[in-house]
Amino acid sequence: MRLQHCVRSHSVLGCLLAACFTTALLCAQPSAESISIQANRPGPAIPRTLFGVFFEDINFAADGGLYPELVKNRSFEFTEPLNGWSKGFNVDAQMIVRSEGGLNDNNPHYLRLRSEIPTGFNITNTGLRGMGVRAGAEYIFSAWVRVPEPSAPKSLRAALRTAGPGGDNLGEATLTGFSAEWKKYETVIRTSATNPKARLQLTVDGPGAIDLDMVSLFPKDTWQNRPNGLRRDLVQLLADMKPGFIRFPGGCVVEGRRLALRYQWKKTVGDVSERRAIINRWNDENERLTPDYFQSFGLGFYEYFQLAEDIGASPLPIISCGMACQFNSGELAPLDQLSEYIQDALDLIEFANGDPSTQWGALRAKLGHPAPFHLKMIGVGNEQWGKAYVDRYKVFSAAIKSKYPDIRLVASAGPFPAGPMFNFLWPRMRDLKADLVDEHYYQPPQWFLNNSSRYDNYDRKGPKVFAGEYAAHVADKRNTWGAALAEAAFMTGLERNADVVEMASYAPLFAHVDAWQWAPDLIWFDNLRSFGTPSYYVQKLFASNLGTRILPLSIGESARNAQNGIYASASLDEKTGEVILKAVNSNTAARPVRISVAGAEARGSARAMTLASGDLAAENSLDKPLNVVPAERTISITGDRIEIDLPAYSLTVFRMPVR
Ligand code: AHR
């Protein structure tokens, strides 16, 4: 019981006497911490971009994740050309990958099947860690087919089967009518049962030879029901966050281990059969080797821009600046040979924003989007460092700004939040007038708690900060509530400094439970299910409760955002007329707080959304996806203030209507 409550209902003397005789436990209870918000002194505007997402094709985030193609190695372009495909030990049947007369220059390899067996034979594709299919759903089976000789099978039957010898048939369909020319054929398979790890079996019906390429099994049910669309549940999780921006496609995948393997956006747009598949740089690096990790680019730059638009996020593409990943080869494009790289950047801006009468604007219109994508910013390189980066940034900046002065440029601060690389780059990027500088920090939770006021004294006149990659890493890299809580405490400092921190995103975004290389991650999934981690709910609470102006706030006597294990930030939402308070209690016990709003009449009741667990090791999982999720309640505002206990280890977002 708090003295204040006591005084309300009893005499002061009675209360004092009661207080004297209270147990040691009660006497030890902390007095209420006051959180005072000054609604009469609204500060700088909060950019809509403050809290966003960073998508990188790591952990099967694209192929096997957001891009729901079910066939692995559909184009036979993996380094191991039959990866994903198998045939029984049938000596009278051949399965050979060839490249004579392939589909096109970007997709030279294809599969030739030949047999003398009158009844035909089967081959199987395993999918990317199996194929997740749902009962009653429809899957488009398609393939480019050619019959090179007069003696040819008449049909190709595609059947979804459960794994294992003699697996059950879950649904099938047949293609027929082949000719000597490459042509795309398509049919639909409707599945009879749900299975998370199905296989695709292809049966060549009769003897002869048949050529196959771009063998695809694609769900009809995609986000917005688009052909070649994205996995609905994963996009929904993103949309629910209301992210202010989406940074894509990486990360280190932008840079490539060698320059030849860098991300080249022009090779990711247009018909999917013309998008050249390459090895993914996360194929054999980091915690778990993934030798079958390739980029089909079925999710390419057109789809990324469309995704950004769908979820209301500003697109932030990152482009190669002629530097391969410095953790790998560090290969450099010579300074006098950067024109191809720079042209790619300029053409990308035209692709996103240009009038349909321009070359690249015309391509966008042809792909189905005549209106511009409203690109406003571009990242020059990913996590580069050193003089080589400064030299290249200068050239990019000069070229892009002279043609597109309004496009804002994001520059790198290197891979670490402090130290020689960071200290070398920041002043140079300030001199070069970079619009934003991208800082990365993967650090223990305590670092995030200690750094909640990191930006309080940053230079307000220099480049803005983009906290482009961050996550609290506990020792075993699990997605615990303890990690999320530390991130929440830190994020109050980001919001409080939203005049200098313009954008921030957790990293990485997605991970397949059977195919990840890097943990922790924001969202995990298997072939059919997905869930948000506690960190996801922290991000969602911050991004979907973004005010329009920072409000000054003090905790007790401290004008900072942290005091006695309480971290807080406040904002005004001018659209809804609410004061929003985000308050973190990092203490092991509940803490009473007295929240007051000066300079505005707080009235009626407030919404309070609390994310809490007494167990810092608590996690969400596929089987318990809602273990740590926000709970909402209504609380009354009495006399312009709220008195409430912040639960132990909690984040609470209050929305208080004010006049
Ligand atoms: O998010 C994973 C990786 O971490 C990114 O690719 C890279 O930018 C950083 O080193």
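Residues numbered from 1 in each chain as written. Predicted model: local features only at pLDDT ≥ 70, side-chain atom pairs only at ≥ 80, totals over all residues. Heavy atoms only, no water.

Asks: So what exactly am I meant to see when it comes to the packing of aromatic side chains here?
Replies: Two descriptors summarise a pair of aromatic rings, namely the distance from one centre to the other and the angle between the planes of the rings. According to the stated counting rule, one finds 42 aromatic pairs in the structure shown. Aromatic side chains W265 and W360 sit 5.3 Å apart centroid to centroid with 65° between the ring planes, which places their arrangement in the edge-to-face category. Linking W265 in the loop between helix 5 (252-255) and strand 15 (278-279) with W360 in helix 8 (residues 359-366), this pair joins segments that are 95 residues apart in sequence. Accessibility assignment for this pair places W265 and W360 in one class, buried. Judged by centre distance (5.2 Å) and plane angle (85°), the rings of F448 and F490 are edge-to-face. (Phe/Tyr/Trp six-rings, centres within 6.5 Å; stacked < 30°, edge-to-face > 60°. Helix = DSSP H or I, 4+ residues; strand = E, 2+ residues; numbered from the N terminus. Buried < 20%, exposed > 50% of the residue type's maximum accessible area, 1.4 Å probe, protein only.)

Asks: Just checking my understanding: could you explain the sheet that holds strand 18 (residues 377-380) for this structure?
Replies: In any sheet, the strands associate via hydrogen bonds between backbone groups, in a parallel or an antiparallel arrangement. With parallel pairing, the eight strands of this closed barrel are ordered in space as 2-14-17-18-19-20-21-22. In this sheet, adjacent strand axes meet at a mean angle of 25° when their direction is disregarded. Sheet topology places strand 20 (residues 436-443) next to strand 21 (residues 464-472); eight bridges connect them, and they run parallel. The residue of strand 21 that forms the bridge with D438 is F466. Across the sheet, helix 12 (residues 481-496) touches strand 2 (51-54), strand 20, strand 21 and strand 22 (501-506), and the angle it forms with strand 21 is around 170°. (Pairing = 2+ DSSP bridges. Axes fitted to C-alpha atoms, helices over the stretch in contact; angles between N-to-C directions. Contact = heavy atoms within 4.5 Å.)

Asks: Looking at this structure, I do not really get the packing of helix 6 (residues 301-310) against helix 7 (residues 339-353). What am I missing?
Replies: The description of two helices packed together rests on the angle between their axes and the distance between the axes. Running from amino to carboxyl end, helix 6 crosses helix 7 at an angle of 50°, the nearest separation of the two axes being 11 Å. Our classification of the angle between helix 6 and helix 7 gives oblique. As helix 6 runs across helix 7, the sense of the crossing is right-handed. Taken together, the residues of helix 7 that come into contact with helix 6 (itself represented by F301, Y302 and F305) are L348, F351 and A352. Of the residues in the contact of helix 6 with helix 7, the class split is six nonpolar, no polar and no charged. (Parallel < 35°, antiparallel > 145°, perpendicular 65-115°, else oblique. Left-handed = near helix turned anticlockwise from the far one by under 90°. Nonpolar A, V, L, I, M, F, W, Y, C, P; charged D, E, K, R; others polar.)

Asks: What should I look at first to understand the pattern of salt bridges in this one?
Replies: Two side chains with opposite charge may pair up if their charged atoms get near one another. Under the defined criterion, the tally for this structure stands at 42 salt bridges. Between R275 and E303 there is a salt bridge, and its shortest N-O distance comes to 3.2 Å. Here the residue R275 occupies a position in the loop between helix 5 and strand 15, and E303 occupies one in helix 6, the gap between them amounting to 28 residues. Each member of the pair, R275 together with E303, is buried. (Salt bridge = Lys/Arg side-chain N within 4 Å of Asp/Glu carboxyl O.)

Asks: Would you mind going over the site of the ligand with me for this structure?
Replies: Taken together, F54, E56, G251, C252, W282, N382, E383, Y442, E469, P508 and W518 make up all the residues around the ligand. E56 places a polar side-chain atom, nitrogen or oxygen, 2.5 Å from an oxygen atom of the ligand. At a separation of 2.8 Å, an oxygen atom of the ligand approaches a polar side-chain atom of E383. Taken by itself the ligand offers 280 Å² of open surface, and the protein chains cover 96% of this. Looking at the shell around the ligand residue by residue, the class counts come to six nonpolar, two polar and three charged. (Near = heavy atom within 4 Å. Polar contact = N/O pair within 3.5 Å; in protein donor to acceptor, adjacent residues only side chain to side chain. Areas by Shrake-Rupley, 256 points an atom, 1.4 Å probe, with all protein chains shown as cover.)

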